[in-house]
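# Geometric and topological summary
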Amino acid sequence: MGGFGWISLTTDYGTFDGFVAACHGAIARIAPDVRVIDVTHHVPPADVSRGATVLAQTAPHLPPSVHCAVVDPGVGTARRGIAIASPNGVLVGPDNGVLIWAAEALGGIDEVVELANKDWSSGDVSRTFHGRDVFAPAAARIALGAPLSEAGPTLDQEKLVRLPDPVVAVGDGWIEAEVTAVDRFGNVQLAAGGPTLTGLGTDLLVSGNVRARRGTTFQDADAGELLVYEDSAGRVAVAVNGGRAVVVLSVRPGDLVRIAER
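What this report covers is the structure whose coordinates are included nearby. The numbering scheme is per chain: residues are counted from 1 as the chain's sequence reads. Local features in this predicted model are restricted to residues of pLDDT 70 or higher, and side-chain atom pairs are both shown and tallied only at a pLDDT of 80 or more, whereas totals for entire chains, interfaces and linings draw on every residue. Water and hydrogen atoms play no part in the side-chain values, which are based on all heavy atoms of the structure.

## Overview of the pattern of salt bridges
Note the following rule: Whenever Lys or Arg places a side-chain nitrogen within 4 Å of a carboxyl oxygen from Asp or Glu, that contact is recorded as a salt bridge. Secondary structure elements are taken from DSSP: a helix is a run of H or I of four residues or more, a strand is a run of E of two residues or more, and numbering for both begins at the N terminus. Partly exposed residues are those whose accessible area sits between 20% and 50% of the maximum for their type, while under 20% is buried and over 50% is exposed, using a 1.4 Å probe and protein chains only.
Applying the stated criterion across every chain yields a total of eight salt bridges. The residue D95 makes a salt bridge to R80 at a minimum N-O spacing of 2.9 Å. Remark: R80 occurs in the loop between β3 (65-70) and β4 (81-86) and D95 occurs in the loop between β5 (89-94) and α3 (100-105); sequence separation between them is 15 residues. With a relative accessible area of 7%, D95 lands in the buried category. Looking at R80, the relative accessible area reads 24%, which means it is partly exposed. The partner of E176 in a salt bridge is R258, and the shortest N-O contact between them spans 3.9 Å. With a gap of 82 residues between them, E176 in strand β8 (residues 174-182) and R258 in strand β14 (residues 256-261) connect regions that are remote in the sequence. The class of E176 is partly exposed, set by a relative accessible area of 25%. Several salt bridges converge on common partners, so that one network encompasses D203, R213, E225 and R262.

## Digging into the pairing of β5
For clarity, the threshold we go by: Here, a strand pair is defined by DSSP locating no fewer than two bridges between the strands.
Of all six residues in β5, six are buried; the element is thus mostly enclosed. Two strands pair when backbone bridges link them, and β3 and β5 are joined in this way by four bridges, in the parallel orientation. If you follow S65 over to β5, its bridge partner there is G89. Inspection of the sheet shows β4 paired to β5 by six bridges, in the antiparallel sense. Residue pairing across strands places A85 opposite V90, the latter belonging to β5. The antiparallel pairing of β4 with β5 creates a hairpin that spans two residues between the two strands.

## Considering the sheet that holds strand β6 (residues 111-114)
Note the cut-off: Every axis in this analysis is a line fitted to C-alpha atoms, fitted for helices over the stretch in contact. Angles between the N-to-C directions lie between 0 and 180 degrees. Contact between two residues is taken to exist if any of their heavy atoms lie within 4.5 Å; hydrogens are not considered.
On the basis of which strands lie adjacent, the open sheet formed by six strands has the order β2-β1-β3-β5-β4-β6 and mixed pairing. Whereas interior strands pair on both sides, the edge strands pair on one side only; in this sheet they are β2 (35-40) and β6. Pairwise comparison of adjacent strand axes, ignoring direction, gives a mean angle of 20° for this sheet. Most of the contacts of helix α1 (residues 19-30) go to strand β1 (residues 6-11), to which it runs at about 155°, and overall it touches β1 and β2. Against the sheet, helix α4 (residues 130-143) engages β1, β3, β4 and β5, with an angle of about 170° to β3.

## Let's talk about unusual backbone geometry
Positive phi, close to 55°, is recorded for S207, a residue that is not glycine. Within the fold, S207 resides in the loop between β10 (203-206) and β11 (210-214). For S207, a relative accessible area of 35% translates into the label partly exposed. Even without a glycine there, the phi angle at S250 is positive, about 55°. Mapping S250 onto the fold places it in the loop between α5 (245-249) and β14. Judged by its relative accessible area of 61%, S250 is exposed.

Right, dumping it as structure tokens:
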């Protein structure tokens, strides 16, 4: 496997403390010429599903990279650190499901290894900061071209921890799907793929009693009106022209939302 010029970082560390800078530093000490893309460091704390969603929807739009994702409530326990090779990049992080959706978005899983080589870690490994001491150094070494075989033993991909697939159901004139994300604009993204909207008309009801219009841009709805559309990630989403759909619908990730013709 050749090297990579880029490493992406996705974490729940936030930017008020020095955690992200320490990860950047761990990378720079090993691979100073590799460039780092910060996907986000504002995944809600310990929200593995949200981290997995953000990474899977972002990674295909980045240059071929080593994607380091650290949303890791099990840090310091028996959970494994892993690296996954895919046709369009390598993913590094904990074996808790945060990497799998992104690996699939990058073409599937070719190889998985456990990060068991202590020489790949930085000094004395903190039991609570594997992002700095295990995952960032591993990402840097892989970016420089180190083969995954040096990281540790091969793992059976069927035994990796996987998150449950989000709920999606489609019927005659209706869609019911799990909320996967709420962005900073208050738009509500659902797990259903955008093409499921083709079976619905223009005038809709969301969550049973909220009137909405199906469209393609925010201006397809009147000011303050709910809009159902396909978002930039190819998912069904709900927005309010000039407002926040999350407030109107009073939902959060994991909730089910039903969209039906009226």
